[in-house]
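These are the residues of each chain, in order.
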Amino acid sequence: RMREFGSAGAIGWGSVVATTSFYGIDTNPFAVELAKVTLNIAKKIAFDDRRQKAAEATGQGVLELDPSLPLDNLDKNIVCADALFTDWPEVEAIVGNPPILGDRKIRGELGRDYMARLQASSGLDGVVDLSCHWFRRAQDRLPEGGRAGLVGTSGIRVGKARAATLDYIVANGGTITNAVSSVLWPGEAALNVSMVNWIKADAPGPHALLVEGATYQLSRIPTHLQLHADVSDARPIAHNASGAMVGLTLGTDAFVVPRTHALARDRGLGSAGVLRPMATATALLTARMSSEPDFVICLGTCSTRREAAEVGGAAFAHLERTLRPHVMGLGDQYPGWSERWWQPWRPRPEFFAEAAKQTRVVTCSKVQARPIFAFVASAFVPNDTMQVFAFDDDFTFGILQSRAHWAWLKAKGGKVRQDIRYTNEVWTTFPWPQEIGVSEVARVAAAARELRATRDRLMEANGWSLRDLHRAAEVDGPHPLNDAQHALDEAVESAYGKPADQDVIEFLLELNRCLVEDEEQGKTVAGPGLPPGLDPKDRRWHSDDCIEPPPVRE
């Protein structure tokens, strides 16, 4: 609503929006009162400025400003309440910075009752970040032609969060008019956010999309807020159902035994394999895994307390003293854990079953700034900061380390500040080369071995870790690591048969669709790993280098 002070229909210095045209909802009483005061201060400044300009225009010069301007009562406009369970007034525009709280933290921080109310009132299936609910409700409350602008976690660009927010907006008559794909939050929270403005109407372009500091004018801003092909329609490939997993979710650091702890030096730990070196993302990238790993107590395969005590010996006694009271104190926050407290919260027995079949596995940090994959010995136990691939051949390593896989990971993965999170959706939808010959497999495997050998030479010569090396390679011009990566990328794209002039994401998306259709028609497709029929131990694609734990001191 506009209150006009100048000539009829004119909106300029002589016009102002009444403070009573603004509405707000916040759970913080201080923020509510601050908003009321701020609006009234703005009114006073605008009123004084308008009177002064009018005086100057009529030759009256400087006026003595009237300090007695009455303040508006905004108690009905700015209210203290939870916006998700409060009626919103009818407005023409909605702007805000909704609270950002991860889906896994809502229950823990706001409680089960709040979660139940939220799910019952939102119309959303499953759990999403708290900010997602504001996008959906804003779209529902806007009149035709109304506008909104909200900030949300950058996760609204992918998966179920995207379906609940931006897909919902577009499917219900909205048009994204401008957006920031992802930007680092300027506050203390360690996350990236997306900023989205939209109108509840059809709106012709161009529309501005800001991606990595550059603005692009688009006829339509896609809901994934990216420039590359929209991979949201990529579907899971049945042959990709297994082979990759997250490391152990311990649930507490009580399972971790520092390398300086007495248990780590004690050889009387019950049966062999109870205390094993732990692989973490930080240790992988900083070279600690091969020199100074911590250890983790592994009793996850023991189904009863008696079995765990017999197998674990001193390690079990350590857990009973330090871990059991903690787990029992959690109550029903972690269902079922109190009955098997000697096991990690998520023991992932499938990892141990797969890892036992081979001497090394491919791993990477679950959250990555750059593509760094490595073979680690199966003696290690990765925790949930690691993504684990149960393959030991050089061909598979080469595909995972390639530019093609990294592009798919960036397109389908989650976002953590500036880094990319490897999600299960990345793995299950990623299409592998089809109808590939022995010579192409050997070429990819050879290029993969050469890349690792190049990394080893450079790290040894300069005293670098993997992180140091890859940072050093981020230079213009030639670099041995970049040259090795380029050779691997060429070998991988040749194995795929990708046309040189086609975007890699568009190619992989087309291949994904073809493979899903083939599987639906009962046709056989190639999944992860070596193509069928090849000897997995053939030295052309099977080496034995890997990161190994330091020798145990007797």
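Please read these numbers as outputs of a predicted model, since none were measured by experiment.

Caption draft 1: Summary view of the pairing of strand S7 (residues 175-184). Taking burial as the measure, the 10 residues of S7 include 7 buried ones, the bulk of the element. Here S7 pairs with strand S8 (residues 192-199) via 7 bridges, running antiparallel. Looking at S8, one finds that Asn-178 is bridged to Asn-197. Sheet analysis places S7 next to strand S9 (residues 207-211), joined by 3 bridges and oriented parallel. Note on S9: the bridge partner recorded for Ala-179 is Leu-209.

Caption draft 2: Region of the structure containing a nonpolar patch on the surface. A cluster of nonpolar side chains, Val-37, Ile-41 and Ile-45, forms an exposed patch at the surface whose accessible area comes to about 280 Å². By the secondary structure assignment, Val-37 is in helix H1 (residues 29-57).

Caption draft 3: Highlighting the packing of helix H14 (residues 403-412) against helix H19 (residues 504-520). Running from amino to carboxyl end, H14 crosses H19 at an angle of 85°, the nearest separation of the two axes being 10 Å. Here H19 runs roughly perpendicular to H14, going by the angle between their axes. Note on element contacts: H19 touches H14 through Val-504, Ile-505, Leu-508 and Leu-509, opposite Arg-403, Ala-404, Ala-407, Trp-408 and Ala-411. Residues of the contact of H14 with H19, tallied by class, amount to 8 nonpolar, no polar and 1 charged.

Caption draft 4: The side chain of Ser-181, seen in detail. Following the sequence through the fold, Ser-181 ends up in strand S7. Take Ser-181: its relative accessible area is 2%, and that puts it in the buried class. For Ser-181, the side chain forms a polar contact with the side chain of Arg-157, separated by 2.9 Å.

Caption draft 5: Expanded view of the pattern of salt bridges. Scanning the model with the defined rule gives 20 salt bridges in all. One salt bridge connects Arg-360 with Asp-394, and the closest N-O pair in it is separated by 3.3 Å. Taken together, the residues span a long stretch of sequence, with Arg-360 in strand S15 (residues 360-365) and Asp-394 in helix H13 (residues 394-400) at a distance of 34 residues. The pair Arg-360 / Asp-394 is uniform in exposure class, with both members buried. Among the ionic pairs, Asp-392 bridges to Lys-537, the shortest N-O distance being 3.4 Å. Of this pair, Asp-392 sits in the loop between strand S19 (386-389) and H13 while Lys-537 sits in the segment after H19; the two residues are 145 residues apart in sequence, bridging distant segments of the chain. With relative accessibility at 48%, the residue Lys-537 sits in the partly exposed group. A network of salt bridges, in which partner residues are shared, links Arg-360, Asp-394, Arg-449, Arg-452 and Asp-545.

Here is what the cut-offs are and how they apply
- Residues numbered from 1 in each chain as written.
- Predicted model: local features only at pLDDT ≥ 70, side-chain atom pairs only at ≥ 80, totals over all residues.
- Heavy atoms only, no water.
- Buried < 20%, exposed > 50% of the residue type's maximum accessible area, 1.4 Å probe, protein only.
- Helix = DSSP H or I, 4+ residues; strand = E, 2+ residues; numbered from the N terminus.
- Pairing = 2+ DSSP bridges.
- Patch = residues over 30% accessible without salt bridge, like charges linked within 9 Å, V, L, I, M, F, W, Y side chains within 5 Å.
- Areas by Shrake-Rupley, 256 points an atom, 1.4 Å probe, with all protein chains shown as cover.
- Salt bridge = Lys/Arg side-chain N within 4 Å of Asp/Glu carboxyl O.
- Axes fitted to C-alpha atoms, helices over the stretch in contact; angles between N-to-C directions.
- Parallel < 35°, antiparallel > 145°, perpendicular 65-115°, else oblique.
- Contact = heavy atoms within 4.5 Å.
- Nonpolar A, V, L, I, M, F, W, Y, C, P; charged D, E, K, R; others polar.
- Polar contact = N/O pair within 3.5 Å; in protein donor to acceptor, adjacent residues only side chain to side chain.

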